[in-house]
Amino acid sequence: MKSYASAGTLIIRVILGIIFLAHGLDKFGSGIGNIEGFFESLGIPAFMASVVAIIEIVGGIALILGFATRIASVILGIVLIVAIVQAKLGMGFLNGYELDVALLAMAAHLALSGSSLLSVDSLFTKKR
C-alpha cells in the first residue's frame, strides 16, 4: 500500500503556516497597542507583542513556503508553549489551551520530520 505521509505533512505545514500568518497579521490589524496592553497585564514587556507578531508572520510564511521548516516549527512551538503557560493555562483545557496544544503537536511533528514535498527546503537537499 502506498504511503501518503509526505502529503499529510505538507497539509500540516501549509495549514499551520496559514494559521500563524493570520494570527500575526491580526495582531497588527487589530491594533498592536491592544496586544501590548494584554502582554503587560501578563507581566510580559509590551514590545514583545510586536516581536511575537513578527515571528508569527515570518514563521507562517516560512512554513507555507517550506523554508527552514524545522527551525520555524521550533520557534513557533516556543511561542505556543509561552502562550499556554503565561496566558491560557489558568483557563483550563477546554475553551482554553486545547487549540494551542493541537498547534504545538503540529509544530512538533514538523520540527521532528521536516517537510520536503513542494518546499523551498527540498531545493537545497540532495535527492536520495
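Worth saying up front: this structure is predicted, and the values here are computed from it rather than measured.

Participant: Before we move on, can you summarise a nonpolar patch on the surface with the specific residues and values?
Facilitator: A surface patch of nonpolar side chains, amounting to about 560 Å² of accessible area, comprises Ile61, Leu65, Phe67, Leu123 and Phe124. Checked against the element boundaries, Leu123 lands in the segment after α5 (93-113).

Participant: Quick rundown of the pattern of salt bridges? Include the residues and the values.
Facilitator: The final tally for this structure, using the stated rule, is 2 salt bridges. Two residues, Glu56 and Lys27, come together in a salt bridge whose shortest N-O distance is 2.9 Å. Here Lys27 lies in helix α1 (residues 5-29) and Glu56 lies in helix α3 (residues 47-65), a separation of 29 residues in the sequence. Accessibility expressed as a relative area gives 14% for Lys27, which makes it buried. Residue Lys88 pairs with Asp100 through a salt bridge whose shortest N-O separation is 3.0 Å. Of this pair, Lys88 sits in helix α4 (residues 69-88) while Asp100 sits in helix α5; the two residues are 12 residues apart in sequence, bridging distant segments of the chain. The exposure class assigned to Asp100 is buried, which follows from its relative accessible area of 7%.

Rules behind the numbers
Residues numbered from 1 in each chain as written. Predicted model: local features only at pLDDT ≥ 70, side-chain atom pairs only at ≥ 80, totals over all residues. Heavy atoms only, no water. Patch = residues over 30% accessible without salt bridge, like charges linked within 9 Å, V, L, I, M, F, W, Y side chains within 5 Å. Areas by Shrake-Rupley, 256 points an atom, 1.4 Å probe, with all protein chains shown as cover. Salt bridge = Lys/Arg side-chain N within 4 Å of Asp/Glu carboxyl O. Helix = DSSP H or I, 4+ residues; strand = E, 2+ residues; numbered from the N terminus. Buried < 20%, exposed > 50% of the residue type's maximum accessible area, 1.4 Å probe, protein only.

None of the figures reported here should be taken as evidence of function without further support.
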